[in-house]
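Architecture and fold: a report
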Number of protein chains: 2
Amino acid sequence: MARIIQCVPNFSEGQNKEIIEKIVEEIRVVEEVKLLDYSMDKDHNRTVVTFIGEPEKVIEAAFNACKVASELIDMKNHKGEHPRMGATDVIPLIPISDVTMEEAVELSKRLGKRIGEELNISVFLYEKSASSIDRENLADVRRGQYEGMEAKLKEDNWTPDFGPVELNREAGVTAVGARMPLVAFNVNLGTNDVSIAKNIAKSIRSSGGGFKYCKALGIEIKERNIVQVTMNMVDYTKTPLFRVFDVIEREAKRYGVNVIGSEIIGLVPMAAMVDVADYYLRVENFDHSQILEKRMME
Amino acid sequence: MARIIQCVPNFSEGQNKEIIEKIVEEIRVVEEVKLLDYSMDKDHNRTVVTFIGEPEKVIEAAFNACKVASELIDMKNHKGEHPRMGATDVIPLIPISDVTMEEAVELSKRLGKRIGEELNISVFLYEKSASSIDRENLADVRRGQYEGMEAKLKEDNWTPDFGPVELNREAGVTAVGARMPLVAFNVNLGTNDVSIAKNIAKSIRSSGGGFKYCKALGIEIKERNIVQVTMNMVDYTKTPLFRVFDVIEREAKRYGVNVIGSEIIGLVPMAAMVDVADYYLRVENFDHSQILEKRMME
């Protein structure tokens, strides 16, 4: 079985293309790793890089990129609109195929340890890798930003998981953690009454008492004169697309409104789609290893 | 995008494991090709090998295996229950991912030409690669079997597509052709009345006026006290699984019977499953390149 994880590191440089090319090159040169995308944001002064590959190789590429970032980016001079605390600000690791969340957490700890020990950078583990509940949320970890980190690292609650208590002034602090892939999933409704989309969004999202791993908003799509339930599915293995879709359809019917279509924005793990097919066809004992392409990746 | 074809050659040897290992080794050693399965049948005295990979490499592996088969199998001495005409009896090429049927046909012609010219074996193109309508069906091509081939090759209608008109007595004749992948798909019905499964099977299969690319039978599953519509979906791109499933469900309801589940037997192309998800979720403009794993195979 092909083991794949995704990595989406954020670097605190969005203006100097030369620096970014050198960082990205560290990812490009690693075999069994595919660079999917990188986009520089000038105002945020930040670059988001997306790559996938064999887990060990992804860790290697992430470490190498982080090392080069620590050499080429000086946080002492960094300004940008987006909150940040380090040259390599955050490294999320996302299990995609035949990797468990436990394994992804383990990988994130190994990566964090190397960054701490070999690069002398303070590292916080966050999300599923967090060592305490107050480190799960990246916003909490990053609160105070680079400028506040010198003091924060010395607080009792904020001893870093790896690396020095003393701030590395050039490289700052890096968050490393495992999380599930996000699936951006929207459902379009055949009405222009946005209150219906808002009501449905409220009833299906976790914060409204709905599905635990679903974030949802109701919005207007003015150019099509329709409304949409726009969602982030934050764990499709536990809150699957088909279940949310079916509930939206039922709820919409109560208002006499039809679902007219859906959208999947950006990338989606194969398993999220195959699970949908499996559900609607009511396949007994389907095993994802029956997918021919998975055999090719073995 | 990862280009993948599948190849399922049948060799006329099912008893001598040493010979089969030598043939299969020719496939194993080719990079970017994955041997998925091979199974020897003693009574049929025949071995079916399944492998997938990058198209050029699959052709190379198939040619090499065919060459070794022509050296190690002597058709003059072959006996077996299964109809056969050559040491390498038939080589189906099946487009799986990002390969069109036209490309698969082109590949089959190149493979057939090499077998004809370099190995001096008469080759018939069949199925989608057939040069005339009476060569589409393998049973027609193979009629007369090995013993009848010397005369058949000299008939006006049966001049081989490649290779000699004179029979290669050791290697016999080989059929090469492109076809769509088969998906073995069964739908289980909550009744023990097999006539309902038989009626539904008749109404959905091509021969009964149903879907063009669906073969279906109604059978009993005695150990579960249910019945089943058992199908071969011979072109899931034109007769998709979801459409057949929906019609079976509707037809069953007319008898007051529920669909209690389905089964996918063996391997299935990812696209066949993703198309199902796409249909039920009514995804607008879904592109298979949004699947993360496809990016990995690029």
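Keep in mind that what you see is a predicted model, and the values were worked out from it rather than measured.

What counts and what doesn't
Residues numbered from 1 in each chain as written. Chains lettered and ligands numbered in written order. Predicted model: local features only at pLDDT ≥ 70, side-chain atom pairs only at ≥ 80, totals over all residues. Heavy atoms only, no water. Least-squares fit on C-alpha atoms with pLDDT ≥ 70 in both. Contact = heavy atoms within 4.5 Å. Salt bridge = Lys/Arg side-chain N within 4 Å of Asp/Glu carboxyl O. Polar contact = N/O pair within 3.5 Å; in protein donor to acceptor, adjacent residues only side chain to side chain. Helix = DSSP H or I, 4+ residues; strand = E, 2+ residues; numbered from the N terminus. Pairing = 2+ DSSP bridges. Axes fitted to C-alpha atoms, helices over the stretch in contact; angles between N-to-C directions. Domains from an automatic or database assignment. Buried area = accessible area lost by both parts, 1.4 Å probe. Expected span 1.5 Å × (residues − 1). Buried < 20%, exposed > 50% of the residue type's maximum accessible area, 1.4 Å probe, protein only. Arc of directions from axis to C-beta.

When chain B is fitted onto chain A, the two copies agree to an RMSD of 0.1 Å after a turn of 180° and an axial shift of 0.0 Å. In symmetry terms, the pair is related by a two-fold rotation axis. Minimal C-alpha distance to the rotation axis in chain B is attained by alanine 277 of chain B, lying at 2.3 Å. The residues that chain B uses at the interface reappear at the interface of chain A in 100% of cases, marking a shared surface.

A few words on the interface of chain B and chain A. Contact with chain B, which involves 48 residues of that partner, is made by 48 residues of chain A. Our enumeration of links across chain B and chain A arrives at four salt bridges. Its salt-bridge partner being glutamate 284 of chain B, residue arginine 224 of chain A comes within 2.9 Å of it at the nearest N-O pair. Counting across the interface, chain B meets chain A through 24 residue pairs in polar contact (both at pLDDT 80 or more). Top element by residues in the side of chain B that touches chain A is helix 8 (residues 270-281) of chain B. It accounts for eight residues.

Residues and elements named next belong to chain B. Within the open sheet, the four strands sit side by side as 9-10-8-11. Their pairing is antiparallel. Where the open sheet ends on each side, the last strands, each with one partner, are strand 9 (214-221) and strand 11 (259-265). The sheet shows a mean angle of 20° between the axes of neighbouring strands, taken without regard to direction. Pairing geometry for strand 8 (residues 183-189) and strand 11, over six bridges, is antiparallel. Across the sheet, residue phenylalanine 185 finds its bridge partner in strand 11, namely isoleucine 264. Packing against the sheet, helix 7 (residues 241-254) makes contact with strand 8, strand 9, strand 10 (226-233) and strand 11, and its axis sits at approximately 20° to strand 8.

Residue and element names in this part refer to chain A. Here the domain parsing of chain A yields domain 1 (4-178) and domain 2 (183-294). The distance between the C-alpha centroids of domain 1 and domain 2 comes to 31 Å. For the pairing of domain 1 and domain 2, the buried interface totals around 320 Å² over both sides, and the portion due to carbon and sulfur atoms is 50%. For the pair domain 1 and domain 2, the number of links is one salt bridge. A salt bridge links lysine 294 to aspartate 98; the nearest nitrogen and oxygen atoms lie 3.2 Å apart. Taken together, the links from domain 1 to domain 2 amount to two residue pairs in polar contact (both at pLDDT 80 or more).

All names here are of chain A. Look at helix 3 (residues 101-119): 26 Å from first C-alpha to last across 19 residues, which is about the 27 Å you get at 1.5 Å a residue. Residues of helix 3 that are buried: Met101, Ala104, Val105, Leu107, Ser108, Leu111, Gly112, Ile115, Gly116 and Leu119. Take helix 3 and look down its axis: the buried residues cluster within an arc of 165°, on one side only. Relative to its buried face, helix 3 has exposed residues pointing more than 90 degrees away, namely Glu102 and Glu117. Backbone geometry just after helix 3 places asparagine 120 at a positive phi near 60°.

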